[in-house]
Amino acid sequence: MEHILLKVENLNIEFHDHDVPERVVNHLDLELAQGEILGIVGESGSGKSMTAMAVAGLLTRHDMVMEGKILFEGKELLHADRGTLRQIQGNDIGIVFQEPMTSLNPVKRIGWQVEESLRIHAPEMGKEERFQRVLKALEDVELDDPQLVYKKYPHELSGGMRQRVMIASAMICEPKLLIADEPTTALDVTIQLQIVKLLQRLNKEKKMAVLFISHDLSLVNRLCHRIIVMHDGNMVETGATEEIFHHPKADYTRELINAIPKLEKISYE
């Protein structure tokens, strides 16, 4: 029996910053098994990124109400204290965001930034071991000349290289789950495909689960084993990728699929 790593039960997220509360995620359930890639797809405002942020423990606004359960290896995260979340964030759960330039510190060298999670989660680790771990992480994400990249600043790298650095940072503590929230949106099509292939390889080699958030169905089709389709905070449809693309049940899913110019499928094997 497959090991369920992440379980979300009846998740509701509401904003209370207007006269009438706005529900952005409505009664969402999902499960993610160890080593599985699950895609959450939908247009802007569908609630997909809010779901990812809730799983990552990054929703802390005072005008927000969250209900339900988020269980990671049986630990309840939705109402966990900051100490519990800090222990899991960056260690068991790695996160990659859409725009690396907003996540990377412009005045710190790449090596120092990739090392950050090790300094937090493995304080006993020596300087030389940290250095070697960072070089290996940069190599793992297929960056040429890791020693050179280590010394560079974010502005000296291309967009695709910066996103690889962000993936290396998220992977440095060998997390069990990688949350990738629109990680390819700011990149051109060729680089997007390279990043998708990289995530596929890391998933296979490290047996790491991936929660992949995107509005781009063609990328989700290439990468994910299963898909959740969201619209206006609701789960419209869920199932195996093959099934969703060849036998969509919901009209909304059909519209999304029909809007894709051409589908090419990369094998999972």
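All chains use their own residue numbering, which begins from 1 and follows the written sequence. Totals for whole chains, interfaces and linings use all residues, but because this is a predicted model, local features are given only for residues with pLDDT of at least 70 and pairs of side-chain atoms are given and counted only at 80 or more. The side-chain quantities take in all heavy atoms of the structure and omit both hydrogens and water.

**Q** Residues and numbers for the side chain of glutamine 192, please.
**A** With respect to the helices, strands and loops of the structure, glutamine 192 is situated in helix 8 (residues 189–206). The buried category is assigned to glutamine 192, whose relative accessible area is 12%. Nitrogen and oxygen atoms within 3.5 Å of one another constitute a polar contact, given that in protein one can donate a hydrogen and the other can accept it, and given that sequence-neighbouring residues count only through two side-chain atoms. Side-chain polar atoms of glutamine 192 contact the backbone oxygen of leucine 187, separated by 3.3 Å. Contact definition: two residues touch when any of their heavy atoms are within 4.5 Å. Look past the residues within four positions of glutamine 192 in its chain and what remains in contact with it is Thr184, Thr185, Leu187, Asp216 and Leu219. Counting from the N terminus, the helices are the DSSP runs of H or I reaching at least four residues and the strands are the DSSP runs of E reaching at least two. Burial status follows relative accessibility: with a 1.4 Å probe on protein chains alone, a residue under 20% of its type maximum counts as buried, one over 50% as exposed, and anything between as partly exposed.

**Q** Run through the pairing of strand 4 (residues 64–72), naming residues and quoting values.
**A** The pairing of strand 1 (residues 4–15) with strand 4 spans eight bridges and is antiparallel. Looking at strand 4, one finds that isoleucine 13 is bridged to methionine 66. DSSP calls a pair of strands paired once it identifies at least 2 bridges connecting them. Both strand 4 and strand 5 (residues 75–76) contribute to a ladder of two bridges, which runs antiparallel. From the neighbouring strand, phenylalanine 72 faces strand 5, where its bridge partner is lysine 75. If you look at the hairpin formed by strand 4 and strand 5, you'll find two residues sitting between the two strands, and glutamate 73 has a positive phi there, around 50°.

**Q** Could you give an account of the pairing of strand 9 (residues 226–231), naming the residues involved and the relevant values?
**A** Sheet topology places strand 3 (residues 37–41) next to strand 9; four bridges connect them, and they run parallel. Paired with glycine 39 across the strands is isoleucine 227, a residue of strand 9. Here strand 9 folds back onto strand 10 (residues 234–240) in antiparallel fashion, the turn holding two residues, of which aspartate 232 has a positive phi close to 50°.

**Q** Talk me through the side chain of aspartate 92; I want residue IDs and the actual numbers.
**A** Counting through the fold element by element, aspartate 92 comes out in the loop between helix 2 (82–88) and strand 6 (93–96). Of the side chains with opposite charge, lysine 176 lies nearest to the buried aspartate 92, which makes no salt bridge, at 4.2 Å. Each residue touching aspartate 92, except ones within four places of it in the same chain, is listed here: Phe72, Pro175, Lys176 and Leu177. Charge assignment: positive for Lys and Arg, negative for Asp and Glu; neither His nor the chain ends contribute. Here a salt bridge means any side-chain nitrogen of Lys or Arg lying within 4 Å of a carboxyl oxygen belonging to Asp or Glu.

**Q** Pulling in residues and values, what's your account of the pattern of salt bridges?
**A** One pass over the full model with this rule turns up 14 salt bridges. Here glutamate 31 ties to lysine 7 by a salt bridge, and the two come within 3.5 Å at their closest N and O atoms. Taken as a pair, glutamate 31 in strand 2 (residues 22–33) and lysine 7 in strand 1 lie far apart in primary sequence, 24 residues in all. Judged by its relative accessible area of 32%, lysine 7 is partly exposed. Ionic pairing is found between glutamate 14 and arginine 23, a salt bridge with its closest N-O pair at 3.2 Å.

**Q** Quick one: what's the story with unusual backbone geometry, residue by residue and with numbers?
**A** Positioned with a positive phi, asparagine 10 is a non-glycine residue whose angle comes to about 50°. Residue placement: asparagine 10 occurs in strand 1. Judged by its relative accessible area of 37%, asparagine 10 is partly exposed. Backbone geometry at lysine 207 places phi at a positive 55°, although glycine is not the residue there. Relative to the elements of secondary structure, lysine 207 occurs in the loop between helix 8 and strand 8 (209–214). Residue lysine 207 is classed as exposed on the basis of its relative accessible area, which comes to 54%.

**Q** How would you explain the packing of helix 7 (residues 159–171) against helix 8 if you had to name every residue and give the values?
**A** Every axis corresponds to a line fitted to the C-alpha atoms, with the helix fit spanning only the stretch in contact, and the corresponding angles, defined between N-to-C directions, vary from 0 to 180 degrees. Direction vectors running N to C along helix 7 and helix 8 enclose 20°, while the axes themselves pass 10 Å from each other. What the angle tells us is that helix 7 and helix 8 run roughly parallel. The hand of the helix 7/helix 8 crossing is right-handed. Listed contacts from helix 8 to Gly160, Gln163, Arg164, Ile167 and Met171 of helix 7 are Ile191, Gln194, Ile195, Leu198, Leu199, Leu202 and Lys206. Any residue outside Ala, Val, Leu, Ile, Met, Phe, Trp, Tyr, Cys, Pro, Asp, Glu, Lys and Arg is labelled polar, Gly included; the first ten of those are nonpolar and the last four are charged. The class makeup of the residues in the contact of helix 7 with helix 8 is seven nonpolar, three polar and two charged. If an angle is under 35 degrees, it is roughly parallel; if it is over 145, roughly antiparallel; if it lies from 65 to 115, roughly perpendicular; otherwise it is oblique. By convention, the crossing between two helices is left-handed when the near helix turns anticlockwise from the far helix through less than a right angle, and right-handed when the turn is clockwise.

**Q** Tell me about the sheet that holds strand 8, and please be specific about residues and values.
**A** Strand order across the open sheet formed by six strands is 6-7-8-3-9-10, with mixed pairing between neighbours. Each edge of the sheet is formed by a strand with only one pairing partner; in this case those strands are strand 6 and strand 10. Within this sheet the neighbouring strands show an average axis-to-axis angle of 15°, counted without direction. For strand 3 and strand 8, the ladder comprises five bridges, and the chain directions are parallel. Across the sheet, leucine 38 pairs through a bridge with leucine 211, a residue of strand 8. In the packing of helix 7 onto the sheet, contacts are made with strand 6 and strand 7 (177–181), and the angle to strand 6 comes to roughly 170°. Each of strand 9 and strand 10 touches helix 11 (residues 251–258); the most contacted strand, strand 9, lies at about 105° to it.

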